Amino acid sequence: MWAQLTQIFSHISYDSPHFPALVFLINLLGETGVPFPLVMEGVLLFAGYTLAQGHLAVGLLILAVSLTGSCTGANSLYWASRVAGKPLVVRVWDAVRLKRSWLHSAETRLSRATPLEIGVARLTPGLALPLSLTSGVLRVPWLKFTLGVALSELVWLGFFGAVGFAVGVAPVDVSPLIVYFPRVVFALVIGLGVVKLGRLAWQWFASRRTNRSLV
């Protein structure tokens, strides 16, 4: 497995097929609650920069893949919570120790929300994940929910893409650093994934030790 990762890392670049797949995975997992601090924002800045440098196909592909990945991740939560129902969603939410107030806030905002209001609410820090879950629980019409997700993502992509575009047209040449950006993203994702799995494993072992001590 390590040899395969090393081989992918050595070949990954902004125009390789691995990079769009990685971008899709980052956005999908980000919507389902797996954090990638500053990675997704960096990818959008990179997309804007490539557009400014004339690499239209690359920049537009990254933006399209980002949008598709986010919509796919949000919809996976929507349908999972719609099938599971509120009791199971609340149990899982409490198990991962997230704020119950976020769920209540999402329910309040979704009572009679339009797609535009869903999109604006998703831009509020901490509400994207609970909004996806409660939309499924409350059986918000799928088309309304998906339009709200798409609207929020277009704002998100547009903002960071515009900032990256501004960097690309600036007189400062950062292209030597940008060349290595896809590999940096790949390394960060693998590193954050290892840290996340390590934390989950530690919590699992700690809970088992606690349960044994109570027996």
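These remarks concern the structure in this document. Here the structure is a predicted model, which is why all the values come from computation and not from measurement. (Residues numbered from 1 in each chain as written. Predicted model: local features only at pLDDT ≥ 70, side-chain atom pairs only at ≥ 80, totals over all residues. Heavy atoms only, no water.)

It is worth spelling out the pattern of salt bridges at this point. All chains considered together, the criterion is met by 2 salt bridges. For Glu 31, the salt bridge goes to Arg 122, with nearest N and O atoms at 2.8 Å. Taken as a pair, Glu 31 in helix α2 (residues 18–31) and Arg 122 in helix α7 (residues 115–122) lie far apart in primary sequence, 91 residues in all. Look at Glu 31 and you get buried, because its relative accessible area is 9%. Classification of Arg 122 by relative accessible area gives buried; the value is 7%. For Glu 153, the salt bridge goes to Arg 122, with nearest N and O atoms at 3.0 Å. Highlighted residues: Glu 153 in helix α9 (residues 142–169) and Arg 122 in helix α7, separated in sequence by 31 residues. (Salt bridge = Lys/Arg side-chain N within 4 Å of Asp/Glu carboxyl O. Helix = DSSP H or I, 4+ residues; strand = E, 2+ residues; numbered from the N terminus. Buried < 20%, exposed > 50% of the residue type's maximum accessible area, 1.4 Å probe, protein only.)

Let's shift gears to helix α3 (residues 39–52). Given 3.6 residues per helical turn, the α-helix brings residues three or four places apart onto the same face. Relative to the 20 Å expected for 14 residues at 1.5 Å per residue, α3 spans 20 Å between its end C-alpha atoms, a close match to the ideal helical length. Burial within α3 is extensive, with 11 of its 14 residues counted as buried. Where α3 is concerned, the buried positions are Val 39, Glu 41, Gly 42, Val 43, Leu 44, Phe 46, Ala 47, Gly 48, Tyr 49, Thr 50 and Leu 51. Two residues or fewer past α3, Gly 54 is found with a positive phi of approximately 95 degrees. (Expected span 1.5 Å × (residues − 1).)

Everything listed is a geometric property; what it means functionally is a separate question.
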